[in-house]
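These are the residues of each chain, in order.
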Amino acid sequence: MMEIRSIDPLTDPQWLPFLDATPGATVFHHPQWIAPLMEAYRYTPASLGCFDGGTLVGVLPLLEIRSRLTGRRAVSLPFSDYGGSVAVSDDVHTLLLDAALARGRERGLAFIEMRSEIEHAFACRSGAYKRHQLELGQDPERLMKAFDKSQTQRGLNKFLKSGGVVERRTDNEGLRTFMQMNYVTRRKHGLPPQPDRFFDGFQKHLMDRGMGFVSIARLGEQVLAACVFMRYKDTLYYKYGASDDEGLVHRPNHGIMWDAMRYGIAEGIRILDFGRSDLDGEGLIKFKRGWGTIETDISYAQVGTVARPAGGGSGGGILDRLKPVIQRMPVPVLKVIGQVLYEHVG
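All values reported here derive from a predicted model rather than from experimental measurement. (Residues numbered from 1 in each chain as written. Predicted model: local features only at pLDDT ≥ 70, side-chain atom pairs only at ≥ 80, totals over all residues. Heavy atoms only, no water.)

Considerations on the overall build of the chain
The helix and strand inventory of the chain stands at 11 helices and 15 strands. Along the longest, intermediate and shortest principal axes, the C-alpha atoms of the chain span 60 × 45 × 35 Å. Across the 346 residues in the chain, those meeting the buried criterion constitute 54%. Residue pairs in contact within the chain that sit at least 24 positions apart in sequence constitute 75% of those at least 6 positions apart. Counting every atom, the chain has about 15600 Å² of accessible surface; 50% of that belongs to carbon and sulfur. (Helix = DSSP H or I, 4+ residues; strand = E, 2+ residues; numbered from the N terminus. Buried < 20%, exposed > 50% of the residue type's maximum accessible area, 1.4 Å probe, protein only. Contact = heavy atoms within 4.5 Å. Areas by Shrake-Rupley, 256 points an atom, 1.4 Å probe, with all protein chains shown as cover.)

Overview of the side chain of serine 116
One can find serine 116 in the loop between strand S8 (111–114) and strand S9 (123–135). The contacts of serine 116, once residues within four sequence positions are left out, are Gly83, Gly84, Ser299, Tyr300 and Ala301.

Section: the packing of aromatic side chains
Two numbers describe a pair of aromatic rings. These are the distance of the centres and the angle of the planes. Within this structure, the stated rule accounts for 21 aromatic pairs. With a centroid separation of 4.9 Å and an interplanar angle of 45°, the aromatic rings of tyrosine 129 and tyrosine 300 are classed as tilted. Of this pair, tyrosine 129 sits in strand S9 while tyrosine 300 sits in strand S15 (residues 294–304), placing them 171 residues apart in sequence. Assessed through its relative accessible area of 13%, tyrosine 129 is described here as buried. Against the face of phenylalanine 51 rests arginine 5, its NZ or CZ located 3.7 Å from the ring centre. (Phe/Tyr/Trp six-rings, centres within 6.5 Å; stacked < 30°, edge-to-face > 60°. Lys NZ or Arg CZ within 6 Å of the ring centre and 35° of its normal.)

A word on the packing of helix H6 (residues 172–188) against helix H7 (residues 196–205)
Where H6 contacts H7, the two axes come as close as 11 Å, and the packing angle between them is 150°. On the basis of their axis angle, the class for H6 and H7 is roughly antiparallel. Regarding H6 and H7, the two cross each other, and that crossing is right-handed. Residues Asn172, Leu175, Arg176, Phe178, Met179, Asn182 and Tyr183 of H6 touch H7, and the partners they reach there are Asp196, Phe199, Asp200 and Gln203. (Axes fitted to C-alpha atoms, helices over the stretch in contact; angles between N-to-C directions. Parallel < 35°, antiparallel > 145°, perpendicular 65-115°, else oblique. Left-handed = near helix turned anticlockwise from the far one by under 90°.)

Brief notes about helix H2 (residues 31–41)
By the criterion of burial, H2 is predominantly enclosed, with 10 of the 11 residues buried. Among the residues of H2, those classed as buried are Pro31, Gln32, Trp33, Ile34, Ala35, Pro36, Leu37, Met38, Ala40 and Tyr41. Arginine 42 sits one or two positions beyond H2 and adopts a positive phi of about 55°.

Describing the nonpolar core
The biggest cluster of nonpolar side chains holds 51 residues, and the ones touching the most others in it are Trp33, Phe178, Phe198 and Phe202. When residues of this core are assigned to their parent elements, the largest contribution, 6 residues, is made by H2. In this structure phenylalanine 202 touches Trp33, Pro36, Met207, Val228, Phe229 and Met230, once residues within four positions along its chain are discounted. (Core = buried A, V, L, I, M, F, W, Y, C linked by side-chain atoms within 4.5 Å.)

Observations concerning the packing of helix H5 (residues 149–162) against helix H8 (residues 252–266)
Running from N to C, H5 and H8 point in directions that differ by 95°, and their axes come no closer than 8 Å. Comparing their axes, H8 and H5 come out roughly perpendicular. Packed against H5, whose contacting residues are Gln151, Thr152, Gly155, Leu156 and Phe159, the element H8 presents Pro252, His254, Gly255 and Trp258 at the interface.

Some remarks on the sheet that holds strand S3 (residues 48–52)
Pairing is antiparallel in the open sheet, where 4 strands are placed in the order S1-S3-S4-S7. In this open sheet, the two strands that pair with only one neighbour each are strand S1 (2–6) and strand S7 (86–87). (Pairing = 2+ DSSP bridges.)

Regarding the pattern of salt bridges
On inspection of all chains with the given rule, the structure shows 24 salt bridges. With a shortest N-O distance of 2.3 Å, arginine 107 and glutamate 64 are connected by a salt bridge. With arginine 107 in the loop between helix H3 (90–106) and S8 and glutamate 64 in strand S5 (residues 63–67), this residue pair connects regions lying 43 residues apart in the sequence. Glutamate 64 sits in the buried class, given a relative accessible area of 2%. Between glutamate 295 and lysine 130 there is a salt bridge; the shortest N-O distance is 3.5 Å. With a gap of 165 residues between them, glutamate 295 in strand S15 and lysine 130 in strand S9 connect regions that are remote in the sequence. Residue glutamate 295 is classed as partly exposed on the basis of its relative accessible area, which comes to 29%. Here the residues in one salt-bridge network are Glu167, Arg169, Asp171, Glu173 and Arg218, joined through shared partners. (Salt bridge = Lys/Arg side-chain N within 4 Å of Asp/Glu carboxyl O.)

Regarding the side chain of arginine 115
Mapped onto the elements, arginine 115 comes out in the loop between S8 and S9. A polar contact is formed between the side chain of arginine 115 and the side chain of glutamate 113, at a distance of 3.3 Å. Within the structure, arginine 115 has its side chain in polar contact with the backbone oxygen of glycine 346 (distance 2.7 Å). (Polar contact = N/O pair within 3.5 Å; in protein donor to acceptor, adjacent residues only side chain to side chain.)

Some details on the pairing of S3
By the criterion of burial, S3 is predominantly enclosed, with 4 of the 5 residues buried. Inspection of the sheet shows S1 paired to S3 by 5 bridges, in the antiparallel sense. Bridging from a neighbouring strand, arginine 5 pairs with glycine 49 of S3. Counting the residues that bridge the hairpin from S3 to strand S4 (residues 55–60) gives 2 residues, and of these glycine 53 lies at a positive phi of roughly 60°.

All we've got here are geometric facts, nothing functional implied.
If you want it as structure tokens, here you go:
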């Protein structure tokens, strides 16, 4: 008989082996990704597991956000490209969602947000994006031939001829190099930077465990760009990127992505996941398409805990309204705003 009960992804001995063995699990379902989210943003754990005779057959990672600014809700998962349940069957997916809604009602939550597509009578779309993935194969030179000649191959050649180099780092100094550049890049886009404490947790839980690294493109002593990657199972995930506007002429992001591909092939990784892109981010989408990626549509959904569409907000509207102001603020002020605001957004 199927039983749904609360489960702690960080301590339950069945969670990670289940993810390892089940298709559809991503790095965002991994305990080492969930841990820094909980530590940095003080979210309440609310994950569920479906057990069949004591054997785990499905998981739904959930974190509760209780905010006076953005309301009460549970998200699977905050600040994650992909989320939702991982299960052995559609029936188990349904059982987990129904249980989450029932517990949400008991706990006074307005809705459940899933960073995945779901089928439910009262679900409403809460976000739509593009996803780009690249099959790496086993031959870097053959892979390069599939790149767009006018954009990607030309950009990569420009970086290689510039004398630029890419270094992969897992130490704290490498992460701090990215963070310094990230402060300025986020301001340019009208966003406060993520709290330093989140990246401290990222270092401890992911980079120190061989699940993440920072790629830094340099030209001499000048740092041109830096990107953060994660790896799990057969996939390498691009998660964060920052760059120096003056250094973009050397196409450092082309160099970083090419180095990540070569690394992935050497490590036996099958897929490079470029992550999600906003539908209006035409420049970023064009950049990702140029590598010969497979493009798919992804959407997120909210389900109200009562019998009506959720119609709630994730808190992103607050940041949208603040963008023109944020772009004029000094970095130290933005760091304080990020420390205070992000736990309300999710």
